[in-house]
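Here is how the chains run, residue by residue.
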Amino acid sequence: MTSCKYCMKLTMVSQLTDHLIYRCEFLLDTMEACKECGLAIDKEDQRRGTSHPMCRGRRPPSGAQWCPLCTIAVDDNEESWRQHLVNTCYDNPRRDGPEKDPWEMRQEQEDILKAAKERKQQEQEKARQEEAIRQQQQQQQSMASGSSGRMIDADKLVVALQEIQERKKAEKKKKLKDIES
């Protein structure tokens, strides 16, 4: 027995391909039998002519089927499957002991995601603090130098604008005199 990695239901390894194609609630009509080897493949991949990584490129020998875990041909009887899964299947998760409970695996995944999220938040907070310190240092430097570079003396600005206006008035008067003469 193994658990389906999509719906986490227990199924016999010898029937995993059948489960993925016809019974898995999460794959509903998205998988079909590979035309070359008979293992489960995504319908879109098959339509595009893309093979799957487990494809052997040929059908299994007569009276056998490919193991959906390791793609080794196994005689289609219960004893052969048992021998294969216990002794030779290198992708059998239960070969070295009992398989983890899918719900425990789910909790582990959630813990990993939670830790990653916390780490990201800590990094963002650290970046915000560093940016605030940098801005504070820039403000202190600009205050120490006497001017921030952005501040303009209002009196000087008013004087400069008045000079520009007076120049424009003088140019207009000159143009009017030139037109009249």
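This is a predicted model, so every value here is computed, not measured. (Residues numbered from 1 in each chain as written. Predicted model: local features only at pLDDT ≥ 70, side-chain atom pairs only at ≥ 80, totals over all residues. Heavy atoms only, no water.)

Q: Would you explain unusual backbone geometry in this entry?
A: Most peptide bonds are trans, and most residues other than glycine sit at a negative phi. Unlike most non-glycine residues, D29 shows phi in positive territory, near 60°. Within the fold, D29 resides in the loop between α1 (16–23) and β3 (31–33). Classification of D29 by relative accessible area gives exposed; the value is 64%. Phi at T71 is positive, roughly 60°, even though this residue is not glycine. By the secondary structure assignment, T71 is in the loop between β5 (64–66) and β6 (73–75). Judged by relative accessible area, which is 8%, T71 ranks as buried. (Helix = DSSP H or I, 4+ residues; strand = E, 2+ residues; numbered from the N terminus. Buried < 20%, exposed > 50% of the residue type's maximum accessible area, 1.4 Å probe, protein only.)

Q: Would you mind showing me how to read the pattern of salt bridges here?
A: Between side chains of opposite charge, pairing is possible as soon as their charged atoms come close. Counted by the stated rule, this structure contains 9 salt bridges. Notably, a salt bridge pairs R23 with D18, separated by 2.8 Å at the nearest N-O pair. Among the charged side chains, a salt-bridge network with shared partners connects E78, E79 and R82. (Salt bridge = Lys/Arg side-chain N within 4 Å of Asp/Glu carboxyl O.)

Q: Help me out: how do you make sense of the nonpolar core in this one?
A: Among soluble globular proteins, nonpolar side chains are generally buried collectively. Core analysis: the biggest nonpolar cluster contains 17 residues, and V13, L20, C67, L69, W81, L85 and C89 have the highest contact counts within it. Within the residue set of this core, elements represented by two or more residues are α1 and α3 (78–88). Residue contributions to this core peak at 3 residues, all from α1. Contact partners of L20, with chain neighbours within four places excluded, come to C4, Y6, L27, M31 and A40. Core analysis: the next-biggest nonpolar cluster, separate from the first, contains 6 residues, C34, L39, I41 and W66 among them. (Core = buried A, V, L, I, M, F, W, Y, C linked by side-chain atoms within 4.5 Å. Contact = heavy atoms within 4.5 Å.)

Q: What is the right way to read the environment of D45 from this model?
A: Relative to the helices and strands, D45 resides in helix α2 (residues 43–48). Residues D45 and T30 lie 15 residues apart in sequence; the distance between their C-alpha atoms is 10.0 Å.

Q: So what exactly am I meant to see when it comes to the state of the cysteines here?
A: As enumerated under the stated definition, the model contains 0 disulfides in all. Just so you know, C24 is unpaired, no disulfide at all, and the nearest cysteine sulfur is the one on C4, 3.8 Å from it. This cysteine, C70, is not joined by any disulfide, and C89 carries the nearest cysteine sulfur, 3.7 Å off. With a relative accessible area of 2%, C70 lands in the buried category. (Disulfide = S-S within 2.5 Å.)

Q: What exactly am I supposed to notice about the side chain of H19 here?
A: As for its position among the elements, H19 is in helix α1. If sequence neighbours within four positions are ignored, H19 has contacts with C4, C7, T11 and C24.

Q: What should I look at first to understand helix α5 (residues 154–180) in this one?
A: Counting along an α-helix, one turn takes 3.6 residues, and residues three or four places apart therefore face a common direction. Look at α5: 39 Å from first C-alpha to last across 27 residues, which is about the 39 Å you get at 1.5 Å a residue. Within α5, only 0 of the 27 residues are buried, which leaves it mostly out in the open. (Expected span 1.5 Å × (residues − 1).)

Q: Could you clarify how one ought to interpret a nonpolar patch on the surface in this entry?
A: A cluster of nonpolar side chains, namely I152, L157, L161 and I164, defines an oily patch on the protein surface of about 380 Å² accessible area. One can find I164 in helix α5. For I164, a relative accessible area of 38% translates into the label partly exposed. (Patch = residues over 30% accessible without salt bridge, like charges linked within 9 Å, V, L, I, M, F, W, Y side chains within 5 Å. Areas by Shrake-Rupley, 256 points an atom, 1.4 Å probe, with all protein chains shown as cover.)

Q: Explanation requested: α3 in the structure shown.
A: Every buried residue belonging to α3 is among S80, W81, H84 and L85, and all of these are buried. An end-on view of α3 places all buried positions within 125° of arc, on one side of the element. Facing away from the buried surface of α3 by more than 90 degrees, the exposed residues are E78 and V86. Turning to α3, the residues buried within the fold contact β5 and β6. For α3, the side-chain oxygen to backbone nitrogen distance between the N-cap and E79 is 3.3 Å, and the N-cap itself is N77. (Arc of directions from axis to C-beta. Polar contact = N/O pair within 3.5 Å; in protein donor to acceptor, adjacent residues only side chain to side chain.)

Structural measurements only, silent on function.
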